[in-house]
Amino acid sequence: MNTVVSGIRSTGNLHLGNYYGALKNFIRMQENNRCFFFIADYHSLTTHPDPTILYPNVKSVLTEYLACGLDPEKSAIYIQSDVPEVVELYLMLNMHAYLGELTKTVSFKDKARKQPENVNAGLLTYPTLMAADILIHNADQVPVGKDQLQHLEMTRNFAKRFNNFYKVEYFKEPMAYNDGTEPIKIPGLDGSGKMGKSEGNCIYLADDAKTIEKKVKKALTDQGPTEMNSPKPDCIENLFTIMKVVSTPDTVQYFDEKWNTCEIRYGDLKKQLAADIIAATEPIREQIAYIDAHPEILHKAVTRGKELARESASKTIKEVREIMGFRNF
Ligand code: TRP
């Protein structure tokens, strides 16, 4: 069985794009892999979050992931800062991480540009912390988006370098998770290619029905088709793409025909789309409310997750210490 590790950013609410993209994939993964999913709260320190929002952020991210179906019975779901072994491995890997490669990392250069007043060492060594997250469980695979591929490549380099330096074959070189399926991409409501928090074009899972209706109503459309069977412009294609995910095939076909015959009314399309998004996400909102009312669910999940993660992590640290020459007196 393959070991899969993935870190989850500890800020921000989940939107439709996260859910139908990464998260559905996670939920499938836990069926036939040994999965470790953790909330990366240490990583969030690189931007110096207000201490009073650190915990509420972690709590809301955890709640939403559980509400969507991450299952503590199937996966180890834990908080990064609950597993101190990660920090020890991070320190050790840092001794073999070089300034040149760290300063060249795209995410570092981006952040350094965005927060020039706070270019701290944690930002610089973000990739070694991420490598420690992955190597602490000697993962085979890591589900990552394009923006994280460089970090994963660096993880493989750190693993190889460790093995070469200590003349062992200890760490595996973790690969991007791939089960042969393409993750679903949810487009934005503003005609853009991708739904994203920074784009401000999102429908969040925690949005209530009214908010969803309002957002869909405001989605970008054009003047409407003037010729039969004409290709759809991006903004309209996007609405159909979302519809294909949340609506029945009959509904999609109905509006497709209306488009082709130039009889489409965007008001009707949007009404239907909003109703279907609301219906598709309603069980998640119910689950979020349920977890909010039963905080012991979170406690139980992360207590179990911490146990599983520390069991795996302490084994790695013991072996790594041995390899590096640490001995007990
Ligand atoms: N850097 C990842 C992101 O921004 C989060 C992350 C931290 C991660 N540690 C990880 C992802 C380990 C995969 C494996 O999304």
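Structure report, in brief. (Residues numbered from 1 in each chain as written. Predicted model: local features only at pLDDT ≥ 70, side-chain atom pairs only at ≥ 80, totals over all residues. Heavy atoms only, no water.)

### Some thoughts on the overall build of the protein
Thinking step 1. Summing up its helical and strand segments, the protein has 14 helices and five strands in all.
Thinking step 2. The principal-axis extents of the C-alpha atoms in the protein amount to approximately 80 × 45 × 40 Å.
Thinking step 3. For the protein, the share of sequence-separated contacts (at least 6 apart) that also reach a separation of at least 24 residues comes to 77%.
Thinking step 4. In the form shown here, the protein has an accessible surface area of approximately 17400 Å², with 53% of it arising from carbon and sulfur atoms.
Thinking step 5. Charged side chains in the protein number 40 positive and 43 negative. The centres of these two groups are separated by 4 Å. (Helix = DSSP H or I, 4+ residues; strand = E, 2+ residues; numbered from the N terminus. Contact = heavy atoms within 4.5 Å. Areas by Shrake-Rupley, 256 points an atom, 1.4 Å probe, with all protein chains shown as cover. Lys, Arg positive; Asp, Glu negative; His and termini not counted. Charge placed at Lys NZ, Arg CZ, Asp CG, Glu CD.)

### Describing the packing of helix 3 (residues 51-68) against helix 14 (residues 296-324)
Thinking step 1. Closest axis-to-axis distance for the helix 3/helix 14 pair is 11 Å, and the angle between their directions is 90 degrees. Taken together, the axes of helix 3 and helix 14 lie roughly perpendicular to each other. The residues of helix 14 that touch helix 3, namely those facing Lys59, Leu62, Thr63 and Leu66, are Ile297, Leu298, Ala301 and Val302.
Thinking step 2. In the contact of helix 3 with helix 14, the residues fall into six nonpolar, one polar and one charged. (Axes fitted to C-alpha atoms, helices over the stretch in contact; angles between N-to-C directions. Parallel < 35°, antiparallel > 145°, perpendicular 65-115°, else oblique. Nonpolar A, V, L, I, M, F, W, Y, C, P; charged D, E, K, R; others polar.)

### A word on the site of the ligand
Thinking step 1. Around the ligand, the structure places Ser6, Gly7, Arg9, Phe38, His43, Tyr126, Met130, Asp133, Ile134, Val142 and Gln148.
Thinking step 2. At 2.8 Å, a side-chain N or O of Arg9 approaches an oxygen atom of the ligand.
Thinking step 3. Between Asp133 and the ligand, the recorded distance is 2.8 Å, taken from a side-chain N or O atom to a nitrogen atom.
Thinking step 4. Those elements that place two or more of their residues in the shell around the ligand are strand 1 (3-9) and helix 8 (126-135).
Thinking step 5. For the shell around the ligand, the element with the most residues is helix 8, which contributes four residues. (Near = heavy atom within 4 Å. Polar contact = N/O pair within 3.5 Å; in protein donor to acceptor, adjacent residues only side chain to side chain.)

### Description of the pattern of salt bridges
Thinking step 1. For the structure on display, the rule yields 15 salt bridges.
Thinking step 2. Note that Asp256 and Lys232 form a salt bridge whose closest N and O atoms lie 2.6 Å from each other. Remark: Lys232 occurs in the loop between helix 10 (209-217) and helix 11 (234-246) and Asp256 occurs in helix 12 (residues 249-260); sequence separation between them is 24 residues.
Thinking step 3. Among the salt bridges present, the one from Arg265 reaches Asp268, with a minimum N-O distance of 3.6 Å.
Thinking step 4. Here the residues in one salt-bridge network are Glu31, Asp71 and Lys74, joined through shared partners. (Salt bridge = Lys/Arg side-chain N within 4 Å of Asp/Glu carboxyl O.)

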